[in-house]
Amino acid sequence: MKKISILGSTGSIGTQALDIISKNRDKFTVKALTCGKRVEVLTKQIEAFNPDLVCVEEERDAIKLKKRFRRLEVLWGESGLKEVASKAECDILLNSLVGMRGLVPTYEAIKSGKNIALANKETLVTGGKFIIDEAKKNGVKILPVDSEHSAIFQALQGNSEKDIKRIYLTASGGPFRGYTLKELEGVTLEQALRHPNWSMGSKITIDSATMMNKGLEVIEARWLFDIEPEYIDVIVHKESIIHSMVEYKDHSIIAQLGAPDMRVPISYALTYPERIRNDVPTVDFFSLGSLTFEKADTKVFRCLDLAYEAIKKGKSYPVVLNAANEVLVQQFIEGKISFIDIQRTIERVMEEHVAVNIIGLSDILSIDQEIRGKLE
Ligand SMILES: NC(=O)c1ccc[n+]([C@@H]2O[C@H](COP(=O)([O-])OP(=O)(O)OC[C@H]3O[C@@H](n4cnc5c(N)ncnc54)[C@H](OP(=O)(O)O)[C@@H]3O)[C@@H](O)[C@H]2O)c1
């Protein structure tokens, strides 16, 4: 039995992970679960999976849960999340929190020697080298959950990172693939939330529409696979069947394919190096007919270029890119700014930023706060 703890168990990744666990009760047991405000969902998860430890965002929700489940340890707030990450008893901690709030818990889990299934891409976008070095120092595995990084990780099995020539990250292109800049001006929240292939949380869905998601993935791949951004290419592949590819120095290209269903990469991260059965549909090549590939239009989707620029310039730039993006996506969701304002404002914030060296966690957190303070 593998002991699993999940940070962000009520979200899109968290609930899909629990779906896998519920269908494989002989393989997994759940030790800790956390959520933000969706406490009703967490309550059902507590009843179904019987964890020892949970954490919620607000103290008043923690008090209510404690009254209802007397045996359960209930924590709350950021300090509670940190405590769960460090003390939850588990073989693998799935970090499926959304946003930069995932960074500190990842760090705490690493320090306590836990292997991590990492969905929270903002951890490596902001923590980058610092997190990878800490993981190495503590002998901790970081198993990718993002479908593209899982594809690369799978294509790497039996091969060596030093033989990689190039990585191809595939992108669906999102709901606005083929749009002009002018057409992007008028798009609505409802349109941006309508992803053609994937069903995900709202932040990543908007990131997919701006193509910032692919930019964040380029940065994540840079650190996960120790490869310079010059050797990471993005290919728009609207069918989302090829989840990413690795080209080796002998020009062999190994790709991982499958239906666009996150339960596949989540399962692989939880059971690696083994695979388990699931009820995900198999790819029907004959009904698909063909697979297509296009270049990303970075004149229209500026966020992708801005992410490349941030990782190439290094230092504090990726933290700035991420903080600005998180604030602006939230403002777009709340109807305070237009869709195109997201990329325009990130570009301005990056131009104005004077780079700072990142040595430790406190540098990352203070740059993040500085940028949020300017935009909020
Ligand atoms: N969804 C996907 O298919 C997918 C694919 C690849 C990578 N990812 C990455 O995985 C991560 C999670 O994505 P998601 O789509 O699953 O996000 P999501 O559906 O928005 O779920 C986020 C989780 O974080 C919790 N949370 C939010 N704010 C919190 C706070 N202030 N304190 C404590 N917990 C809080 C949420 O709790 P509540 O439910 O209570 O709000 C929820 O459990 C992201 O980094 C995303 O980029 C997702």
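Quantities reported herein were computed from a predicted structural model and do not represent experimental measurements.

Quick notes on the rules
Residues numbered from 1 in each chain as written. Predicted model: local features only at pLDDT ≥ 70, side-chain atom pairs only at ≥ 80, totals over all residues. Buried ≥ 20, exposed ≤ 12 C-beta atoms within 10 Å, placed from the backbone. Helix = DSSP H or I, 4+ residues; strand = E, 2+ residues; numbered from the N terminus. Arc of directions from axis to C-beta. Contact = placed C-beta atoms within 7 Å. Pairing = 2+ DSSP bridges. Axes fitted to C-alpha atoms, helices over the stretch in contact; angles between N-to-C directions. Parallel < 35°, antiparallel > 145°, perpendicular 65-115°, else oblique. Left-handed = near helix turned anticlockwise from the far one by under 90°. Domains from an automatic or database assignment. Nonpolar A, V, L, I, M, F, W, Y, C, P; charged D, E, K, R; others polar.

Novice: Got a minute to help me understand helix H16 (residues 339–352) in this structure?
Specialist: Because each turn of an α-helix spans 3.6 residues, side chains separated by three or four positions end up pointing in the same direction. Regarding H16, the residues found buried are Phe-339, Ile-342, Gln-343, Ile-346 and Val-349. For H16, the angular spread of the buried residues around the axis is 130°, confining them to a single face. Projecting away from the buried face of H16 at angles above 90 degrees are the exposed residues Arg-348, Glu-351 and Glu-352. Residues of H16 that are buried make contact with helix H8 (181–185), helix H9 (189–192), helix H10 (202–210), helix H14 (302–313), helix H15 (317–333) and helix H17 (361–375).

Novice: How do you make sense of the sheet that holds strand E3 (residues 53–56) when you look at a structure like this?
Specialist: For sheets, the rule is that strands pair by backbone hydrogen bonds, running either parallel or antiparallel. Pairing in this open sheet of seven strands is parallel, and the strands run E4-E3-E2-E1-E5-E6-E7 from one edge to the other. Since the sheet does not close on itself, it has two edges, and those belong to strand E4 (73–76) and strand E7 (142–144), each with one partner. Adjacent strand axes in the sheet meet at a mean angle of 25° when their direction is disregarded. As judged from the four bridges shared by strand E5 (residues 92–95) and strand E6 (residues 115–118), these two strands associate in the parallel manner. Residue pairing for E6: Ile-92 is matched across the bridge by Asn-115.

Novice: Where do I start with the packing of helix H5 (residues 103–111) against helix H6 (residues 122–137) in this structure?
Specialist: Between two packed helices, the angle of one axis relative to the other and the distance separating the axes together describe the packing. With their axes 10 Å apart at the nearest point, H5 and H6 run at an angle of 15° to one another. Relative to H6, H5 is oriented roughly parallel. For the pair H5 and H6, the sense of crossing is right-handed. Facing Leu-103, Thr-106, Tyr-107 and Ile-110 of H5, the residues of H6 in contact are Glu-122, Thr-123, Thr-126, Gly-127, Ile-131, Glu-134 and Ala-135.

Novice: Explain the environment of Gln-343 here, please?
Specialist: Summarising the element assignment, Gln-343 is placed in helix H16. Since 23 C-beta atoms lie within 10 Å of it, Gln-343 is described here as buried. Between the alpha carbons of Gln-343 and Arg-101 there is a distance of 22 Å; along the sequence they are 242 residues apart. Residue contacts for Gln-343: discarding those within four places in its chain leaves Thr-210, Arg-302 and Cys-303.

Novice: I would appreciate a short explanation of the pairing of strand E10 (residues 242–248) in the present structure.
Specialist: Two faces make up the sheet, and in a regular strand the side chains alternate between them. With four bridges connecting them, strand E8 (residues 164–171) and E10 associate as antiparallel partners. Bridge pairing in E10 links Arg-166 to Glu-247. Examined bridge by bridge, E10 and strand E11 (residues 253–257) share five bridges and lie antiparallel to one another. Each residue of the ladder has a partner; that of Ile-242, found in E11, is Leu-257. Hairpin geometry of E10 and E11 is characterised by an intervening segment of four residues between the two adjacent antiparallel strands and by a positive phi of about 70° at His-251.

Novice: Sorry if this is basic, but what is going on with the domain arrangement of the chain here?
Specialist: How large an interface is tends to be reported as the accessible area lost when its parts come together. Domains assigned within the chain are domain 1 (2–144) and domain 2 (149–375). Elements supplying a minimum of two residues to the side of domain 1 that touches domain 2: strand E1 (2–7), helix H1 (12–22), H5, H6 and E7. Looking at the side of domain 1 that touches domain 2, the element that brings in the most residues is H6, giving nine residues. Residues that form the side of domain 1 that touches domain 2 fall into these classes: 17 nonpolar, eight polar and six charged.

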